[in-house]
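Residue strings, one per chain:
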Amino acid sequence: MAGDTETHLQDRGDGTDVVRQPFLIGVSGGTASGKSSVCEKIMELLGQNKIDHHQRQVVILSQDSFYKVLTPEQKAKALKGQFNFDHPDAFDSELIMQTLRQILQGKTVQIPVYDFVTHSRKEEFVTVYPADVVLFEGILMFYSQDIRDLFQMKLFVDTDPDTRLSRRVLRDISERGRELEQVLAQYITFVKPAFEEFCLPWPST
């Protein structure tokens, strides 16, 4: 993969090259709080949203891309809305750390593509090229201290719980083919408790 071999070097001015290390910004918040919208607004304000991805100085990554590959039993539960996707164990933290370290080394990385309808990773990957600023958003971006410590800046998107729930209901029904009853049951059983336990009380360090 390109992420294993391609590294972005910058001339230091004295004839030697150094790896350009990006500025990492973590963006966390509850489900449907507007994390992606905040990142996209930053891209827009910086004039990066209309630039070819090869030339962008600011890029956005999502923790959602790093859901673990489910076992057949887990996938069966997921299709019934009975799998907890908001628990830290649902994410491939090792792959997130590996990806972030490669980014800090100035390497091009390959990001998995997750299918929320089938609850599985697709075969293709998204190529992310070295950039000056990397925005990494996700509900549990600050849960792991090892990952949290890599960010030079941390943003928490605080949104009213009723607003977040209404947004999630509309999104899951229209974009992910869920039934209303399943969305609400999953929210009450998994999403709300996980937010209160793993997302809301994130450390300030």
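Residues numbered from 1 in each chain as written. Predicted model: local features only at pLDDT ≥ 70, side-chain atom pairs only at ≥ 80, totals over all residues. Heavy atoms only, no water.

Naming follows an unreviewed UniProt entry, where the protein chain appears as uridine/cytidine kinase of Scophthalmus maximus. UniProt annotates the protein chain under Function (unreviewed entry) with the comment "Phosphorylates uridine and cytidine to uridine monophosphate and cytidine monophosphate. Does not phosphorylate deoxyribonucleosides or purine ribonucleosides. Can use ATP or GTP as a phosphate donor." What the UniProt record of the protein chain gives under Sequence similarities (unreviewed entry) is the line "Belongs to the uridine kinase family." (UniProt positions renumbered as here; feature names shortened; annotations may be inferred.)

Participant: Explain the overall build of the protein chain here, please?
Facilitator: Tallying secondary structure elements over the protein chain gives seven helices and eight strands in all. Counting the 205 residues in the protein chain, one finds 41% classified as buried. For the protein chain, contacts bridging at least 24 residues in sequence account for 71% of all contacts bridging at least 6. Here the protein chain has roughly 11200 Å² of accessible surface; of this, 51% comes from carbon and sulfur atoms. (Helix = DSSP H or I, 4+ residues; strand = E, 2+ residues; numbered from the N terminus. Buried < 20%, exposed > 50% of the residue type's maximum accessible area, 1.4 Å probe, protein only. Contact = heavy atoms within 4.5 Å. Areas by Shrake-Rupley, 256 points an atom, 1.4 Å probe, with all protein chains shown as cover.)

Participant: What am I meant to see in the sheet that holds strand S8 (residues 153-157) here?
Facilitator: In sheet architecture, strand pairing relies on hydrogen bonds along the backbone and comes in two forms, parallel and antiparallel. Spatially, S4-S7-S3-S8 is the arrangement adopted by the four strands of the open sheet, whose pairing is parallel. Here the strands that pair on one side only, and so sit at the sheet edges, are strand S4 (58-62) and S8. On average, adjacent strands in this sheet sit at an angle of 20° to one another, irrespective of strand direction. Pairing analysis gives five bridges linking strand S3 (residues 23-29) to S8, with the strands arranged parallel. (Pairing = 2+ DSSP bridges. Axes fitted to C-alpha atoms, helices over the stretch in contact; angles between N-to-C directions.)

Participant: Help me out: how do you make sense of the pattern of salt bridges in this one?
Facilitator: This model, assessed by the stated rule, comprises six salt bridges. Residue Arg121 is joined to Asp92 by a salt bridge in which the shortest nitrogen-to-oxygen separation is 3.5 Å. A residue pair is termed long-range when its members are at least 10 positions apart, and Arg121 in strand S6 (residues 120-128) and Asp92 in the loop between helix H3 (72-79) and helix H4 (93-104) qualify at 29 residues. Relative accessible area serves as the criterion here: at 28%, Arg121 is assigned to the partly exposed category. Measuring nitrogen to oxygen at the nearest pair gives 3.6 Å for the salt bridge that ties Arg168 to Asp172. In this pair, Arg168 and Asp172 both sit in helix H6 (residues 161-176), four residues apart, roughly one turn of the helix. Note on accessibility: Arg168 and Asp172 belong to one class, buried. (Salt bridge = Lys/Arg side-chain N within 4 Å of Asp/Glu carboxyl O.)

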